[in-house]
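# A closer look at the structure
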Amino acid sequence: MKNSNRIIALLVPLISVLLAFIIGCIIMAVLGANPLTALQSLWIGAFGNLRNVGTTLSRATPLIFTSLCACFAYRCGVFNLGGEGQFIIGSVACCYVATLSGVGGVPGVILCLLAGVLAGGIWALIPGLLKVYRGQNEMIISIMLNYVATLFMGVVYTNWLRDGSVPQTISVPDSVKLSRIFGLRATTAFVIAIVVGLLIYYFLFYTSKGFQLRAVGLNMTAAEFNGFAVKKYILMSFIVSGAIAGLGGSAELLGTQFRLINGFGNGYGFDGVAMALIGQLHPLATIVVAIFFAALRVGSTTMQAATGVPTSVSDIIQALVIVFTVAGLAMVKLPGFKAFLGRLTERRKEAA
């Protein structure tokens, strides 16, 4: 039964991607384009050369951070929908430290990243505390805090750290900018994201604390009866997930954007939630999904230039992947489907 569940868990996203691309190809054909040529252009735009690969990895980096943020919190059974706000607050704290501390080089980079981690963790702790001690809905609070973080960032780049007459902050010093990987557009922020993903994977599946955290996420009542510190794990999950998003915001600022502007971090939080769900809350699968979505977004520009297919078709494919995956995951949890799967397993055993 466990093997069947694992196979289904792997097949659901794969089938979802396949169905989404089939419908996307139909739309391309209706628009008068050759679907095979369009898909080839999409691939070339995302992975056709080292420059495109670097662009894809750069676009994937913030998505990896916010998706890992959602993945970690969901594993503990809490819904942190404030990844975007924590991402932004982390970048704001990083910007202040980078521009005002005067510390450069490796110590400056570490200090800036730690500032983002601390700010993101504290920002995520707010809905965690309200949930644990006041019984408030963490989803509503974390979403509202996204707006607060965005407005606070607006005050920073239009007033406190404004660069002259332009509504943006001053650029971070060159001494704290993250270096590029082999001269590509992707920076060491991507390496940091991969390392964070591996650490989360190891913690969740190879440590006793990770097991207890997952046990809390599966059944909080049963975990509490077995002596697990449920409140502690809930607060820890909020802090760690917020710290991951805050680290992503500071890494994005030091590696790609270099300054806070209007629209910084827009949409990353909810994109991360969708990618975590498609990756079925597995850190490594979540990273793959984030890279896949980044490839669609980067390659769609080349596809439009080569075939005339609008980039909105790529957005449709992404949306269909999310819809089909969520629908598929909901379907496999239905009692009727589980009973059907059980009958198939019994027949295989009888045949063996």
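Above this text you will find the structure in question.
Given the structure is predicted, the values throughout are model-derived calculations rather than measurements. (Residues numbered from 1 in each chain as written. Predicted model: local features only at pLDDT ≥ 70, side-chain atom pairs only at ≥ 80, totals over all residues. Heavy atoms only, no water.)

## Quick look at empty space enclosed by the protein
Per the stated rule, a full pass over the model turns up one cavity of 30 Å³ or more. Put simply, the largest cavity is a space of about 30 Å³. Lining the largest cavity, in full, are Ser58, Thr61, Thr187, Ala189, Ala251, Glu252 and Thr256. Contributions of two or more residues to the lining of the largest cavity are made by helix 3 (50–75) and helix 10 (230–257). With three residues, helix 10 is the single largest residue contributor to the lining of the largest cavity. For the lining of the largest cavity, the class distribution of residues is two nonpolar, four polar and one charged. (1 Å grid on protein atoms, 1.4 Å probe; cavity = no way out; pocket = protein on both sides within 12 Å on 5 of 7 lines; lining within 4 Å. Points joined across faces, edges and corners; volume = space filled by probe spheres on them. Helix = DSSP H or I, 4+ residues; strand = E, 2+ residues; numbered from the N terminus. Nonpolar A, V, L, I, M, F, W, Y, C, P; charged D, E, K, R; others polar.)

## Comments concerning the pairing of strand 2 (residues 166–169)
Side chains on a regular strand alternate between the two faces of the sheet. The sheet contact formed by strand 1 (residues 162–163) and strand 2 spans two bridges and is antiparallel. From the neighbouring strand, Arg162 faces strand 2, where its bridge partner is Thr169. Hairpin connection between strand 1 and strand 2: a loop of two residues separates the two successive antiparallel strands, and Gly164 in this loop has a positive phi of roughly 65 degrees. (Pairing = 2+ DSSP bridges.)

## A short note on the packing of aromatic side chains
Tallied over the entire structure, the rule returns 11 aromatic pairs. Relative to Trp160, the ring of Phe152 has its centre 5.7 Å away and its plane inclined at 75 degrees; by these criteria the two rings are edge-to-face. On the basis of relative accessibility, which here comes to 52%, the residue Trp160 falls in the exposed class. With a centroid separation of 5.7 Å and 70 degrees between ring planes, the pair formed by Tyr201 and Tyr206 is classed as edge-to-face. Classification of Tyr201 as partly exposed rests on a relative accessible area of 22%. Judged by relative accessible area, Tyr206 falls into the exposed class, the value being 53%. Connected via pairs of aromatic rings, a cluster forms that spans Tyr201, Tyr202, Phe205 and Tyr206. Positioned above the aromatic ring of Phe258 is the side chain of Lys177, whose terminal nitrogen or guanidinium carbon lies 4.3 Å from the ring centre. (Phe/Tyr/Trp six-rings, centres within 6.5 Å; stacked < 30°, edge-to-face > 60°. Buried < 20%, exposed > 50% of the residue type's maximum accessible area, 1.4 Å probe, protein only. Lys NZ or Arg CZ within 6 Å of the ring centre and 35° of its normal.)

## Brief notes about the pattern of salt bridges
Opposite charge on two side chains permits pairing when their charged atoms draw close. The tally for this structure, following the rule as stated, stands at four salt bridges. Two residues, Asp163 and Arg259, come together in a salt bridge whose shortest N-O distance is 3.3 Å. Remark: Arg259 occurs in the loop between helix 10 and helix 11 (268–278) and Asp163 occurs in strand 1; sequence separation between them is 96 residues. Looking at Arg259, the relative accessible area reads 21%, which means it is partly exposed. A salt bridge links Asp271 to Arg297, with the shortest nitrogen-to-oxygen separation between them at 3.2 Å. A residue pair is termed long-range when its members are at least 10 positions apart, and Asp271 in helix 11 and Arg297 in helix 12 (residues 283–307) qualify at 26 residues. (Salt bridge = Lys/Arg side-chain N within 4 Å of Asp/Glu carboxyl O.)

## A short note on the packing of helix 4 (residues 83–100) against helix 10
Relative orientation of the contacting elements helix 4 and helix 10 amounts to 50 degrees, with a least axis distance of 7 Å. Relative to helix 10, the element helix 4 is oriented oblique. For the crossing formed where helix 4 meets helix 10, the hand is right-handed. Counting all contacts with helix 4, which are made through Gly83, Gln86, Phe87, Gly90, Ser91, Cys94, Cys95 and Ala98, the residues of helix 10 involved are Ser241, Gly242, Ala245, Gly246, Gly248, Gly249, Ser250, Glu252, Leu253 and Leu254. Here the residues of the contact of helix 4 with helix 10 sort into seven nonpolar, 10 polar and one charged. (Axes fitted to C-alpha atoms, helices over the stretch in contact; angles between N-to-C directions. Parallel < 35°, antiparallel > 145°, perpendicular 65-115°, else oblique. Left-handed = near helix turned anticlockwise from the far one by under 90°. Contact = heavy atoms within 4.5 Å.)

## Examining the environment of Phe264
On the secondary structure map, Phe264 appears in the loop between helix 10 and helix 11. Of the residues examined, Phe264 reaches a relative accessible area of 5% and is grouped as buried. Distance from Phe264 to Asn159, taken between C-alpha atoms, is 16 Å for residues 105 residues apart in sequence.

## Examining helix 11
The buried fraction of helix 11 is high, at eight of 11 residues. Every buried residue of helix 11 is accounted for by Tyr268, Gly269, Gly272, Val273, Ala274, Met275, Ala276 and Ile278.

## Side note on helix 12
Because the α-helix completes a turn every 3.6 residues, residues three or four places apart line up on one side. For helix 12, which comprises 25 residues, the first-to-last C-alpha distance of 35 Å matches the rise-based estimate of 36 Å (1.5 Å per residue) to within 8%. Most pronounced at Gly299, the bend in helix 12 amounts to some 30 degrees. Looking one or two residues past helix 12, Gly308 carries a phi angle of roughly 85 degrees, positive in sign. (Expected span 1.5 Å × (residues − 1). Bend = angle between axes of the 7 residues up to and from the residue.)

## Considering the state of the cysteines
Applying the stated criterion across every chain, the model contains zero disulfides. In this model Cys76 remains outside any disulfide bridge; the closest cysteine sulfur is found in Cys71, 12 Å from its own. (Disulfide = S-S within 2.5 Å.)

## Thoughts on the nonpolar core
The biggest cluster of nonpolar side chains holds 89 residues, and the ones touching the most others in it are Ile64, Ile244, Leu254, Leu260 and Ile317. Per element, the largest residue contribution to this core is 12 residues, and it comes from helix 3. For Ile64, the residues in contact, after removing those within four places along its chain, are Phe190, Ala193, Ile194, Ile287, Ala290 and Ile291. (Core = buried A, V, L, I, M, F, W, Y, C linked by side-chain atoms within 4.5 Å.)

## A short note on unusual backbone geometry
Phi at Phe258 is positive, roughly 70 degrees, even though this residue is not glycine. By the secondary structure assignment, Phe258 is in the loop between helix 10 and helix 11.

## Some thoughts on a positive patch on the surface
Taken together, the side chains of Arg51, Arg59, Arg180 and Arg185 make up a positively charged region of the molecular surface. On the secondary structure map, Arg185 appears in the loop between strand 2 and helix 7 (188–206). When its relative accessible area of 42% is taken as the criterion, Arg185 is described as partly exposed. (Patch = residues over 30% accessible without salt bridge, like charges linked within 9 Å, V, L, I, M, F, W, Y side chains within 5 Å. Areas by Shrake-Rupley, 256 points an atom, 1.4 Å probe, with all protein chains shown as cover. Lys, Arg positive; Asp, Glu negative; His and termini not counted. Charge placed at Lys NZ, Arg CZ, Asp CG, Glu CD.)

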